[in-house]
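Read off the chains here:
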Amino acid sequence: MRDDLFRHVQGLSFRFHSQTTTGQLMSRATNDLFTISELAHHGPEDVVISLVRIIGSAAILWHMNGLLALTLFGILPFMFLFAYRYSLKVKDALKRNNERIGDINAQLEDSLSGIRVVQSFTGEALETAKFRDANRSFLESRKRSYLAEALLFNGLTSFMSFMNIAVVVAGAVLISQERLQLTELITFLLYMNTITDPVKRLVNFTQFLQNGIAGFERFVELLQVKPDIADAEDAVELERVRGCVEFCGVGFQYDEGGPYVFRNMNLSVQPGEYVALVGSSGVGKTTLCQLIPRFYDATEGDIFIDGANIRNVTLKSLRSHIGIVQQDVYLFAGTIRDNILYGKPDASEEEVIAAAKHAHAHEFIMSLPNGFDTYVGQRGIKLSGGQKQRISIARVFLKNPAVLIFDEATSALDNESERAVQESLERLASQRTTFVIAHRLSTIRNADRIVVITEQGIAEEGTHEQLLERDGEYAKLYRLQFR
Ligand SMILES: Nc1ncnc2c1ncn2[C@@H]1O[C@H](COP(=O)(O)OP(=O)(O)O)[C@@H](O)[C@H]1O
Ligand SMILES: [Mg+2]
């Protein structure tokens, strides 16, 4: 089940993941499923043992004295009814508990991932307070579930005491009518314990059961989230791509009913073309590029690669032809080799070395004590920004896609690393369709085409010289940077 959950969650879209916290998902995959395994482990044994014992004892008690047994059995249905009603309450309380544990995990994940920011702002007290809040609300919900459990268990204990009393009273009446011997009553009372014992066990089982059901319901809830981006039923494989990318009347909004980031975007890019997207921050350059690998689906209009609508090809084949280099590089905890191999897991050692050389990364990798086997730490924390970026470029070299997207790939780097990275990017871009987003206009001067995007859509396009001559938006931006 855990495997299923992980595979399912991995297949959910950017939209889902930007609305859900990692901590909550972790909690569902660990804690919630743990309660189910507890149930599966203890449940069957508890049920079988108690049922056998209850049925056996009931038969013996019935055989000993029918009237007394009837008194007993008369109460049992009420007891089960009570157990059923209150165990539902327990289940709801446990479900809330699980949600609160999710909150704790989410808070923990957020604070610890940001530990460097926390310490640099000496925000420990603030984080402690946030954590305490999450922890306290868990405590509150835990109190409520303990209360519900206490009501259930003590209610059941009361029922059992009541059964004793009822049998004693009924026995006394029968004795006074001389229809029963005192010894018989005592034997019956002693034997009654054999039925209350398994009943207690069954009640204990309801706790496991409700816990398990609460976990299972949350499991199913998550599994039922349909991936909003998936292969069409008749999707075909996108084979050998030349790299022609067309946007036809594309419009996009992040939320239904929300504002459009852009509308009626028309752009046609030829195979091998080097296109720069320029525009002020927040105008939608990143968003536009995220539509190409279908991280989001366009709200209006269509995008074509080599004439094929990207909605009609399989996600896997589409994405295998697109390489992305972003400003914030994500490296996995592992070695440099592992991270480069991510671009093509079955690549040979020679290919890895060649990719590293193309990306200008080979030299610095060899200067590290462990070379390609150097452990990079979580998110590649042990490497500098330029080094991380060059590894991420080597990864794309191995992948060898036909379409490239560089989203502010050099923006976070110092001048020296920028030059090195810029060189490797240019080498990567040759012979491939490339979209470049860069705020430093000096880096895109040589682009085949510069597309200037404003709130109104594409304002102008052309080469650097053409746009300067035009003296429009681009010329304004350019002068601003080189005044
Ligand atoms: N995941 C998201 N959910 C909702 N709105 C978003 C999301 N990502 C970006 N936006 C909004 O979309 C607009 C365009 O963002 P973006 O494409 O990142 O701009 P650019 O890359 O041009 O600086 C911005 O106004 C931003 O606030
Ligand atoms: Mg951006």
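A. Just the overall build of the chain, in detail. Counting its secondary structure elements, the chain contains 16 helices and 10 strands. Taken along its principal axes, the extent of the C-alpha atoms in the chain is 120 × 50 × 45 Å. Each of the 483 residues in the chain was classed as buried or not, and the buried ones make up 46%. Carbon and sulfur atoms form 55% of the exposed surface of the chain, whose accessible area is close to 25700 Å². Placing the 50 positive and 58 negative side-chain charges of the chain at their respective mean positions leaves the two points 4 Å apart.

B. Representation of the site of ligand 1. Around ligand 1, the neighbouring residues are Tyr-254, Val-261, Ser-281, Gly-282, Val-283, Gly-284, Lys-285, Thr-286, Thr-287 and Tyr-296. Look at ligand 1: alone it shows 560 Å² of surface, and the protein chains cover 58% of it. Counting residues per element, the shell around ligand 1 draws most heavily on helix H8 (residues 285–291), which supplies 3 residues. Per-class residue counts for the shell around ligand 1 are 4 nonpolar, 5 polar and 1 charged.

C. Focus on the domain arrangement of the chain. Segmentation of the chain into domains returns domain 1 (2–223) and domain 2 (245–482). Relative to domain 2, the C-alpha centre of domain 1 lies at a distance of 52 Å. Each side of the interface is counted separately: domain 1 has 5 residues, and domain 2 has 8 residues. When domain 1 packs against domain 2, close to 530 Å² is buried across both sides, 52% of that on carbon and sulfur atoms. Per-residue buried area on domain 1 facing domain 2 is highest for Phe-14, Arg-15 and Arg-116; these three make up 84% of the total on that side. At the boundary of domain 1 with domain 2, the tally comes to 1 residue pair in polar contact (both at pLDDT 80 or more). Sort the elements by how many residues they give to the side of domain 1 that touches domain 2 and helix H2 (residues 14–19) lands first, with 4 residues. A breakdown of the residues in the side of domain 1 that touches domain 2 according to their chemical character gives 1 nonpolar, 2 polar and 2 charged.

D. Inspection of the environment of Glu-423 at higher detail. Examined against the element boundaries, Glu-423 turns out to sit in helix H14 (residues 415–429). As for Glu-423 and His-358, which are separated by 65 residues in sequence, their C-alpha atoms are 9.4 Å apart. Polar contacts involving the side chain of Glu-423 include one to the side chain of His-360, which spans 3.1 Å.

E. Layout of the pattern of salt bridges. Applying the stated criterion to the full structure yields 24 salt bridges. Residue Glu-473 is joined to Lys-476 by a salt bridge in which the shortest nitrogen-to-oxygen separation is 3.6 Å. Of this pair, Glu-473 and Lys-476 both sit in helix H16 (residues 473–482), 3 residues apart, which is roughly one turn of that helix. The exposure class of Glu-473 is partly exposed, given its relative accessible area of 32%.

F. Fine view of the state of the cysteines. Using the criterion set out here, one finds 0 disulfides in the structure. You can see Cys-244 has no disulfide; the closest cysteine sulfur is in Cys-248, sitting 9.7 Å from it. Taking relative accessible area as the criterion, Cys-244 reaches 14% and is therefore assigned buried. Just so you know, Cys-289 is unpaired, no disulfide at all, and the nearest cysteine sulfur is the one on Cys-244, 16 Å from it.

G. Structural context of the nonpolar core. Residues Ile-336, Ile-340, Ile-365, Ile-393, Phe-406 and Ile-450 are the most contacted members of the largest nonpolar core, which totals 45 residues. Every residue in contact with Ile-340, bar those within four places of it in the chain, is listed here: Val-352, Ala-356, Ile-365, Phe-372, Ile-391, Ala-394, Arg-395 and Leu-398. Of all hydrophobic cores here, the second largest spans 33 residues; its members include Tyr-296, Ala-402, Val-403 and Phe-435.

H. Layout of the sheet that holds strand E8 (residues 433–437). Pairing is mixed in the open sheet, where 6 strands are placed in the order E6-E7-E8-E3-E9-E10. Each edge of the sheet is formed by a strand with only one pairing partner; in this case those strands are strand E6 (322–326) and strand E10 (457–462). Neighbour-to-neighbour, the strand axes of this sheet turn through a mean angle of 20°, independent of strand direction. As paired strands, strand E7 (residues 403–407) and E8 are joined by 5 bridges and run parallel to one another. The residue of E8 that forms the bridge with Asp-407 is Ile-437. Each of strand E3 (274–278), strand E9 (449–454) and E10 touches H16; the most contacted strand, E9, lies at about 95° to it.

I. Inspection of the packing of helix H4 (residues 66–113) against helix H7 (residues 182–223) at higher detail. Close contact between H4 and H7 brings their axes to 9 Å; oriented N to C, the two are set at 25°. What the angle tells us is that H4 and H7 run roughly parallel. Between H4 and H7 lies a crossing of right-handed hand. Residues belonging to the contact of H4 with H7 are distributed by class as follows: 16 nonpolar, 6 polar and 6 charged.

J. Region of interest: unusual backbone geometry. Here the phi dihedral of Asn-400 falls at roughly 60°; this positive angle occurs in a residue that is not glycine. Looking at the element boundaries, Asn-400 is found in the loop between helix H13 (385–399) and E7. Of note, the phi angle at Glu-408 is positive, near 50°, even though the residue is not glycine.

Conventions used here
- Residues numbered from 1 in each chain as written.
- Chains lettered and ligands numbered in written order.
- Predicted model: local features only at pLDDT ≥ 70, side-chain atom pairs only at ≥ 80, totals over all residues.
- Heavy atoms only, no water.
- Helix = DSSP H or I, 4+ residues; strand = E, 2+ residues; numbered from the N terminus.
- Buried < 20%, exposed > 50% of the residue type's maximum accessible area, 1.4 Å probe, protein only.
- Areas by Shrake-Rupley, 256 points an atom, 1.4 Å probe, with all protein chains shown as cover.
- Lys, Arg positive; Asp, Glu negative; His and termini not counted.
- Charge placed at Lys NZ, Arg CZ, Asp CG, Glu CD.
- Near = heavy atom within 4 Å.
- Nonpolar A, V, L, I, M, F, W, Y, C, P; charged D, E, K, R; others polar.
- Domains from an automatic or database assignment.
- Contact = heavy atoms within 4.5 Å.
- Buried area = accessible area lost by both parts, 1.4 Å probe.
- Polar contact = N/O pair within 3.5 Å; in protein donor to acceptor, adjacent residues only side chain to side chain.
- Salt bridge = Lys/Arg side-chain N within 4 Å of Asp/Glu carboxyl O.
- Disulfide = S-S within 2.5 Å.
- Core = buried A, V, L, I, M, F, W, Y, C linked by side-chain atoms within 4.5 Å.
- Pairing = 2+ DSSP bridges.
- Axes fitted to C-alpha atoms, helices over the stretch in contact; angles between N-to-C directions.
- Parallel < 35°, antiparallel > 145°, perpendicular 65-115°, else oblique.
- Left-handed = near helix turned anticlockwise from the far one by under 90°.

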